[in-house]
Amino acid sequence: MKAGFFYGIIAFIAAALIVVSQSFFIVDATEYAVVTQFGEFQQSYTTPGLKTKIPFIQTAIKFDNRLQRFDVPPANFITLDKKNLVIDAYARYRITDPLLFLQNLLDLTEAGPKVGDIVTSELNKEVARDNQTDIISETREQVMERVTLASQQIAATSGEAGRGLGIEIVDVRIKRADFPATIATSVFDRMNAERRRVANQERAEGERTKLEIQSGADRDVAEILANAEREALEIRGAAEGQSIQIFAEALQQDPEFYTFLRSLEAYQKLLNNNDTIVLDSEAALFRFLATARGE
């Protein structure tokens with residue numbers, strides 16, 4: 001009897017725990033929750049905390065309320081002149097109304113493609129505003145800048161479309177905007193030609209500047225050399241004039257002594273132990289030597 005009562009208490013506690021666990025659930029700060037009863041909506045929760053529901057009858061469905069990302073498949077978009085432009089983009093969105101989200105999209109797996117459809121539709125409207133020739137005439141950086149600016153407007157308009165589904169598209173980004181392969185070669189050739197034109201212009205400007213600098217430097221060098229040569233000639237001429245004047249003054253003061261000094265200098269340069277000189281005995285060179293011997 002006591003054993004049966006004990007087992008009964010255990011069974012009651014277990015059942016109570018199951019009922020309690022089915023009656024309460026926790027909504028995390030990163031979640032929204034919707035309570036349904038036999039598939040019918042009963043209550044939605046957008047704030048975190050401990051929530052209640054009828055056990056075994058009601059079901060709590062939770063959704064991630066954080067920012068989600070969906071990569072939109074690359075697609076061809078028709079321009080105003082009926083040409084193609086390939087754009088690869090992605091969108092970021094989040095759930096704003098869990099009930100609408102459950103009724104229209106069920107889960108995130110279904111939400112991603114729907115977001116892609118909305119963004120693709122808005123991109124198509126934006127690209128259709130321009131001719132392909134107008135886009136080709138721009139640089140690649142200008143195309144990306146303009147499409148990125150347009151994507152901000154797309155995020156706003158597609159966000160409006162998403163609110164009816166219980167989501168908000170908060171951002172659209174362009175990963176790649178390219179021309180189709182059929183015209184890519186011609187576009188790249190045009191871009192290369194433009195780059196070559198700019199490069200040739202820069203080279204021509206550089207060559208012109210180089211010639212200007214070089215000619216200026218050559219002119220300065222020629223002017224400096226001419227001035228230096230002129231000054232050197234002036235200095236040399238003045239020095240030679242002073243030298244002649246000094247020689248003349250020395251000669252006037254004592255011509256005989258000057259002649260003697262000049263002869264000694266000649267002896268020093270002409271005569272040494274290894275030299276043999278044959279001259280007439282009456283030569284003027286030996287006049288002072290003959291005098292020194294007493295002849």
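All values reported here derive from a predicted model rather than from experimental measurement.

Student: Please clarify how the overall build of the protein chain should be interpreted in this entry.
Tutor: In terms of regular secondary structure, the protein chain is built from eight helices and eight strands. Every one of the 295 residues in the protein chain was classed for burial, and the buried ones make up 25%. In the protein chain, once contacts between residues fewer than 6 apart in sequence are set aside, the share between residues at least 24 apart is 66%. If you sum the accessible surface of the protein chain, you get close to 20000 Å²; carbon and sulfur atoms cover 57% of it.

Student: Would you mind showing me how to read helix H3 (residues 108-127) here?
Tutor: Because each turn of an α-helix spans 3.6 residues, side chains separated by three or four positions end up pointing in the same direction. For H3, with 20 residues, the first-to-last C-alpha span of 28 Å sits near the 28 Å given by 1.5 Å per residue. Inspection of H3 places Ala111, Gly112, Val115, Gly116, Ile118, Val119, Glu122, Leu123, Glu126 and Val127 among the buried residues, and these make up the whole buried set. Where H3 begins, one side-chain oxygen reaches toward the backbone nitrogen of Thr109, 3.2 Å away; that side chain belongs to Asp107.

Student: What is the right way to read the nonpolar core from this model?
Tutor: Generally speaking, a soluble globular protein has its nonpolar side chains buried in company with each other. Counting residues in each nonpolar core, the largest one holds 28 residues, and the members touching the most others are Ile87, Val119, Ile167 and Ile169. Sorting the residues of this core by element identifies strand E2 (31-37), strand E6 (68-78), strand E7 (84-95), helix H2 (98-104), H3 and strand E8 (167-178) as the ones contributing at least two each. Counting residues in hydrophobic clusters, the runner-up holds five residues, among them Val27, Ala33, Val35 and Tyr45.

Student: How should I be thinking about the sheet that holds E8 in this particular structure?
Tutor: Sheets are built from strands that pair by backbone hydrogen bonding, the pairs being arranged parallel or antiparallel. The three strands are arranged E6-E7-E8 in an open sheet whose pairing can be described as antiparallel. Strands with a single pairing partner mark the edges of an open sheet, and in this sheet they are E6 and E8. Looking at each pair of strands side by side, their axes are set apart by 25 degrees on average, direction ignored. The pairing of E6 with E7 spans nine bridges and is antiparallel. Residue pairing for E7: Val72 is matched across the bridge by Ala89. Against the sheet, H3 touches E6, E7 and E8, its axis set at about 40 degrees to E6.

Student: Can you walk me through the side chain of Lys51 in this structure?
Tutor: Note on placement: Lys51 falls in strand E4 (residues 49-52). Buried within the structure, Lys51 lacks any salt-bridge partner; Glu31 is the closest side chain of opposite charge, at an N-O distance of 11 Å. Apart from the residues within four sequence positions on either side, Lys51 is in contact with Ser23, Phe24, Phe25, Val27 and Tyr45.

Student: Any chance you could explain the pattern of salt bridges here in plain terms?
Tutor: If the charged atoms of two oppositely charged side chains come close together, the side chains can form a pair. By the definition in use, this model includes 13 salt bridges. With its nearest N and O atoms 2.8 Å apart, the salt bridge here joins Glu212 to Arg208. Of the two residues, Glu212 and Arg208 are both situated in helix H6 (residues 181-253); the distance of four residues between them amounts to about one turn of the helix. The partner of Arg230 in a salt bridge is Glu234, with the nearest N and O atoms 3.3 Å apart.

Student: Would you take a moment to explain the sheet that holds E2 for this structure?
Tutor: Strand order in the open sheet formed by three strands is E3-E2-E5, with antiparallel pairing between adjacent strands. The open sheet has two edge strands with one neighbour each: strand E3 (40-45) and strand E5 (58-64). Across the sheet, the mean angle from the axis of one strand to that of its neighbour is 25 degrees, orientation sign disregarded. Bridge count for E2 against E5 is seven bridges, and the pairing is antiparallel. Bridge pairing in E5 links Tyr32 to Phe63.

Student: Got a minute to help me understand the side chain of Lys53 in this structure?
Tutor: Residue position: Lys53 is located in the loop between E4 and E5. Buried within the structure, Lys53 lacks any salt-bridge partner; its nearest side chain of opposite charge belongs to Glu31, at an N-O separation of 14 Å. For Lys53, the side chain forms a polar contact with the main-chain oxygen of Gln58, separated by 3.2 Å. With residues near it in sequence (within four places) discarded, Lys53 still touches Gln22, Ser23, Phe25, Val35, Gln58, Thr59 and Ala60.

Student: Before we go on, may I ask you to explain the packing of aromatic side chains in this structure?
Tutor: Geometry of an aromatic ring pair is reported as the spacing of the ring centres plus the angle between the planes. In the structure shown here, the tally under the stated rule is two aromatic pairs. With centroids separated by 5.8 Å and ring planes inclined at 70 degrees, the aromatic side chains of Phe25 and Tyr45 adopt a geometry described as edge-to-face. Here Phe25, found in strand E1 (residues 24-27), pairs with Tyr45, found in strand E3; they are 20 residues apart in sequence, far enough to count as distant. Taking the relative accessible area as the measure of exposure, Tyr45 reaches 16% and is therefore buried. A ring pair is formed by Phe63 and Phe101, whose centres lie 5.2 Å apart and whose planes are at 75 degrees; its orientation type is edge-to-face. Of this pair, Phe63 sits in strand E5 while Phe101 sits in helix H2, placing them 38 residues apart in sequence. Residues Phe63 and Phe101 agree in their burial class; the two are buried. Taking NZ or CZ as reference, Arg69 lies 3.8 Å from the ring centre of Tyr90, over its face.

Procedures and definitions
- Residues numbered from 1 in each chain as written.
- Predicted model: local features only at pLDDT ≥ 70, side-chain atom pairs only at ≥ 80, totals over all residues.
- Heavy atoms only, no water.
- Helix = DSSP H or I, 4+ residues; strand = E, 2+ residues; numbered from the N terminus.
- Buried < 20%, exposed > 50% of the residue type's maximum accessible area, 1.4 Å probe, protein only.
- Contact = heavy atoms within 4.5 Å.
- Areas by Shrake-Rupley, 256 points an atom, 1.4 Å probe, with all protein chains shown as cover.
- Expected span 1.5 Å × (residues − 1).
- Polar contact = N/O pair within 3.5 Å; in protein donor to acceptor, adjacent residues only side chain to side chain.
- Core = buried A, V, L, I, M, F, W, Y, C linked by side-chain atoms within 4.5 Å.
- Pairing = 2+ DSSP bridges.
- Axes fitted to C-alpha atoms, helices over the stretch in contact; angles between N-to-C directions.
- Lys, Arg positive; Asp, Glu negative; His and termini not counted.
- Salt bridge = Lys/Arg side-chain N within 4 Å of Asp/Glu carboxyl O.
- Phe/Tyr/Trp six-rings, centres within 6.5 Å; stacked < 30°, edge-to-face > 60°.
- Lys NZ or Arg CZ within 6 Å of the ring centre and 35° of its normal.

This is a description of form; function is not addressed.
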